[in-house]
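Each chain, letter by letter, is given below.
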Amino acid sequence: MVVSYERNVYPSSEEKKLRFSLAHTPYEEKASGALLPLRAFGFCEEGGLVSADGFVRNSVYAAPSPPLRGYAYGAERFFCGEDNKLYRLTALGYVAAAAFSAPPRTAEVTLSDHKRGLLFFNGGEWYVFSEGTMQQKSGVFAEYAAFHYERLFVWDGEKLRFSATLDPFRWTQGLQDAGYAYLPSAFGEVCAMLSFGERLYLFRDAGVTVFRAFGDNRNFKAVEKKFPCRGVVGDTVCSTGDGVCFLADDGIYRFDGEDAVKIFDVRMRDAEASFFGGKYVLSGSVRGERVLLVFSDGKTCIYRADAHALSGDTFYTGDRWLSFAEGIGSQPTERSWESGMTEFGLGNGRKMLKKVELFGRGEISFAVRSEHGKRSYTARLPHCFRPYLRGRRFALRIEAFDRAKIEETEVTLIDY
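Residues numbered from 1 in each chain as written. Predicted model: local features only at pLDDT ≥ 70, side-chain atom pairs only at ≥ 80, totals over all residues. Heavy atoms only, no water.

S.K.: So, the sheet that holds strand E20 (residues 199-204): which residues are in play, and what are the values?
M.R.: Reading across from one edge, E19-E20-E21-E22 is the order of the four strands in this open sheet, with antiparallel pairing throughout. If you trace the sheet from one side to the other, it starts and ends with strand E19 (190-196) and strand E22 (221-226), each paired once. Sheet twist, expressed as the average angle between the axes of neighbouring strands with direction ignored, equals 20°. By the bridge criterion, four bridges tie E20 to strand E21 (residues 207-212) in an arrangement that is antiparallel. Within E21, the residue paired with Leu-202 across the bridge is Thr-209. (Pairing = 2+ DSSP bridges. Helix = DSSP H or I, 4+ residues; strand = E, 2+ residues; numbered from the N terminus. Axes fitted to C-alpha atoms, helices over the stretch in contact; angles between N-to-C directions.)

Set out below in structure tokens:
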């Protein structure tokens, strides 16, 4: 934050100018030249504070039951509702495709006829969707599953079981057929499982079991890696192509197969995640508010949204299915930034806020308040606002209409 001083015509006072950028999240660790917001929604950083992409309506059809979990398989969309029925979206609306005793999990599989399919499973309840058809299958008890090197691996809560090669539904044990392995661990219970690179990974509360599983059954082996965190949330573990992202107690981590490194500091409850088009999307509660947090190419954006049933780029909120859109989108999206009360680093003395100049482009509404009043404006940027507002502490609020970019902010105060 750059501060310059000028003698004012008023006795015992100085005019001070402060120039700073606006951080786009409350959690950002930046140099002292940035003002952190109390809350910020619908903004990202691209050389300044920039209006983020919006949303579009994904389907005109209302969900027949409130969605609990969503699933994406290519262009196909499914969800499991509160009635524990699995629904598929078709050109004629949602149709019930299967019924479970609880929302199932999924694993993409290669079938014995070499066709690809999506396995839905909950314990011993198994259905597979392939080429537009849903079929019930018999299977072993499974809490988690992943297809890896031509076999289906399932974690049954006690041991890791694997099917025969090229047949995810054949579980007859033999030297080169199905089998199992016990994988005790000091890092807690398994909370997610996925295939990444040449290894199978069983994620646990504080680490991961790495299972080498290709070729001869006798060559299978496992090693353990400890994470620098605890509280891995299984529903947030997502493969990103070149790594795995997940949420833990103290933030978002990226795991490259060897090490887990924190990439964003946030505390979130009741979280789930999906990954699509280079975007890692988290839905959950932050500081008591339901939000969508989007992490992409090192940039972060937070939307205020009560989103559920994430499935690829789609989620359910209110009574609508929405998808992310490039640009503004057709559905209302909040883009607001609020600083909270700040002294601008000048102490708690009396001040007059003389000018606030916002450099950038786009139409915004701007408001500033202190303990002595409030001023509100609407303007196109760049613009110089002259509130002449007295106070010891001030709060700034900015709301963007459509596309806007705020590059820098300059504040002029008279400090008494």
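S.K.: I'd like to hear about the side chain of Arg-88, residue by residue, with values.
M.R.: Note on placement: Arg-88 falls in strand E10 (residues 85-90). Among the polar contacts made by the side chain of Arg-88, one reaches the side chain of Glu-76 at a distance of 3.0 Å. Apart from residues no more than four positions distant in its own chain, Arg-88 is found in contact with Glu-76, Arg-77, Phe-78, Gly-93, Tyr-94, Val-95, Ala-97, Phe-129 and Gly-132. (Polar contact = N/O pair within 3.5 Å; in protein donor to acceptor, adjacent residues only side chain to side chain. Contact = heavy atoms within 4.5 Å.)

S.K.: Give me the sheet that holds strand E13 (residues 116-130): which residues, what numbers.
M.R.: One open sheet accounts for three strands, arranged E12-E13-E14; its pairing is antiparallel. Bordering the open sheet on either side are strand E12 (105-110) and strand E14 (133-142), each of which pairs with just one other strand. Between one strand axis and the next, the sheet turns by 45° as a mean value, whatever way the strands run. Looking at chain direction, E12 and E13 are connected through six bridges and run antiparallel.

S.K.: So what's going on with unusual backbone geometry? Residues and values would help.
M.R.: Across the junction of Leu-381 and Pro-382, the peptide omega takes the value 0°, indicating a cis bond. Along the chain, Pro-382 turns up in strand E36 (residues 373-385). Backbone geometry at Glu-131 places phi at a positive 50°, although glycine is not the residue there. Here Glu-131 lies in the loop between E13 and E14. Although it is not a glycine, Leu-166 adopts a positive phi angle of roughly 65°. Look at Leu-166 and you get partly exposed, because its relative accessible area is 34%. (Buried < 20%, exposed > 50% of the residue type's maximum accessible area, 1.4 Å probe, protein only.)

The analysis is restricted to geometry; functional conclusions fall outside its scope.
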